[in-house]
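Each chain is listed here by its residues.
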Amino acid sequence: MTGKGGATLSGGVMKKIIVSYTYLGIWILLSSSVIVYNKYILDKKLYNWPFPISLTMIHMAFCSSLAFFLVRILNFVEPVTLSRHVYFTCVLPIGALYSLSLWLSNSAYIYLSVSFIQMLKALMPVAVYTIGILFKKDTFKNSTMCNMLAISVGIAIAAYGEAKYDSWGVLLQLLAVLVEATRLVMVQILLNSKGISFNPIATLYYVAPSCLVFLSIPWIFVELPILRASNSFKFDFVIFGSNSLCAFALNLAVFLVVGKTSALTMNIGGVVKDWLLIAFSWSVIKDTVTPVNLIGYGLAFLGVAYYNHQKLQALKANEVEKKSQQEDEESGILLTEREQSGSGKKGDSQD
């Protein structure tokens with residue numbers, strides 16, 4: 001019996017591990033596909049459609065429609081009840097930051113290689129930590145700041161070794177990292193601190209329409225006149241439809257991965273994805289990756305890995321502390337009940 005039970009348990013654990021890493025693999029594949037697909041559409045040497053605002057708006061329109069269908073028609077996920085005040089003061093600012101982040105990051109694909117963009121994205125922990133300190137959501141620590149400086153130095157070395165360096169492209173990507181880091185901190189301040197949390201489908205349901213509205217403002221002045229002047233352009237439903245479907249599927253994959261594993265597992269998977277994209281960019285797209293690139297990114301990678309390790313240790317320490325407090329509370333309740341029971345029996349004996 002014990003052997004059979006043990007075998008069943010091992011089989012169940014193995015099944016969970018296989019399912020978790022399957023979902024993680026799907027997320028890595030979809031995330032990489034969206035990045036490469038966006039690069040293909042926006043790059044002037046490939047599909048040659050350099051309209052990042054328009055592409056982002058197509059994504060948001062597609063995601064808004066599908067999210068509405070899943071939430072309102074199929075009831076796939078339950079919508080979070082939000083008051084008008086919460087929506088305008090909490091959700092809309094996050095939507096504005098998200099739309100700006102997507103616009104800037106997609107614009108960078110016109111000027112920079114996929115591999116170099118992935119290297120620059122390693123600055124995200126630096127930006128999140130710095131902005132978290134400014135908004136008093138994180139505490140300053142010398143060891144963590146030294147780690148952030150090491151990541152920054154690594155990215156600076158990688159940038160120095162970039163064969164096709166473009167200052168405007170680097171500025172766009174750095175601004176995208178800064179805006180996205182601000183959005184992540186704002187999510188903690190405006191939503192998480194108030195007990196409001198969304199899964200990716202509900203996030204698209206509430207945020208994607210606002211992104212579409214915010215993006216339409218610069219689109220009217222920046223890209224619409226050029227698109228009107230270009231009479232030769234015809235909307236390719238196959239290209240843009242499949243690209244939007246990949247973007248939406250990526251959000252579903254995030255939902256599945258976080259549900260089956262954890263956000264930290266996604267961070268680790270993200271590091272694996274970055275290395276795979278660098279290898280793909282070098283071997284398939286034929287982007288130039290220099291030894292100085294790899295040395296610099298390797299240093300930044302070590303810094304990011306150590307940062308994730310610190311986060312994991314902090315999470316474990318918090319879990320142990322919460323468990324200890326819960327056990328203390330339960331033992332206190334039991335002790336109180338025993339004392340009350342004892343005093344009750346004592347009163348009965350006196351009677």
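Residues numbered from 1 in each chain as written. Predicted model: local features only at pLDDT ≥ 70, side-chain atom pairs only at ≥ 80, totals over all residues. Heavy atoms only, no water.

The name an unreviewed UniProt entry gives the protein is Sugar phosphate/phosphate translocator At4g32390, with Nicotiana tabacum as the organism. Under the UniProt heading Subcellular location (unreviewed entry), the entry covering the protein gives this text: "Membrane". (UniProt positions renumbered as here; feature names shortened; annotations may be inferred.)

Draft legend 1. Focus on the packing of helix α2 (residues 52-73) against helix α8 (residues 200-222). At a minimum axis separation of 8 Å, α2 and α8 run at an interaxial angle of 150°. Overall, the two elements α2 and α8 adopt an arrangement that is roughly antiparallel. As for the relative orientation of α2 and α8, their crossing is left-handed in sense. Here the contact of α2 with α8 is built from residues that sort into 20 nonpolar, 4 polar and 1 charged. (Axes fitted to C-alpha atoms, helices over the stretch in contact; angles between N-to-C directions. Helix = DSSP H or I, 4+ residues; strand = E, 2+ residues; numbered from the N terminus. Parallel < 35°, antiparallel > 145°, perpendicular 65-115°, else oblique. Left-handed = near helix turned anticlockwise from the far one by under 90°. Nonpolar A, V, L, I, M, F, W, Y, C, P; charged D, E, K, R; others polar.)

Draft legend 2. Summary view of helix α3 (residues 84-108). An ideal rise of 1.5 Å per residue puts 36 Å on 25 residues; α3 measures up with 35 Å between its terminal C-alpha atoms. Along α3, the helix axis deviates most sharply at Val91, where the bend reaches about 35°; the proline Pro93 sits within four residues downstream. (Expected span 1.5 Å × (residues − 1). Bend = angle between axes of the 7 residues up to and from the residue.)

Draft legend 3. How the structure looks around the packing of aromatic side chains. Applying the stated rule across the entire model yields 13 aromatic pairs. With 6.2 Å between their ring centres and 85° between their planes, Tyr47 and Phe240 make a pair best called edge-to-face. With a gap of 193 residues between them, Tyr47 in the loop between α1 (2-42) and α2 and Phe240 in helix α10 (residues 237-260) connect regions that are remote in the sequence. Owing to a relative accessible area of 23%, Tyr47 belongs among the partly exposed residues under this scheme. Members of the aromatic cluster, connected to one another through ring pairs, are Tyr40, Tyr47, Trp49, Phe51, Phe235, Phe237 and Phe240. (Phe/Tyr/Trp six-rings, centres within 6.5 Å; stacked < 30°, edge-to-face > 60°. Buried < 20%, exposed > 50% of the residue type's maximum accessible area, 1.4 Å probe, protein only.)

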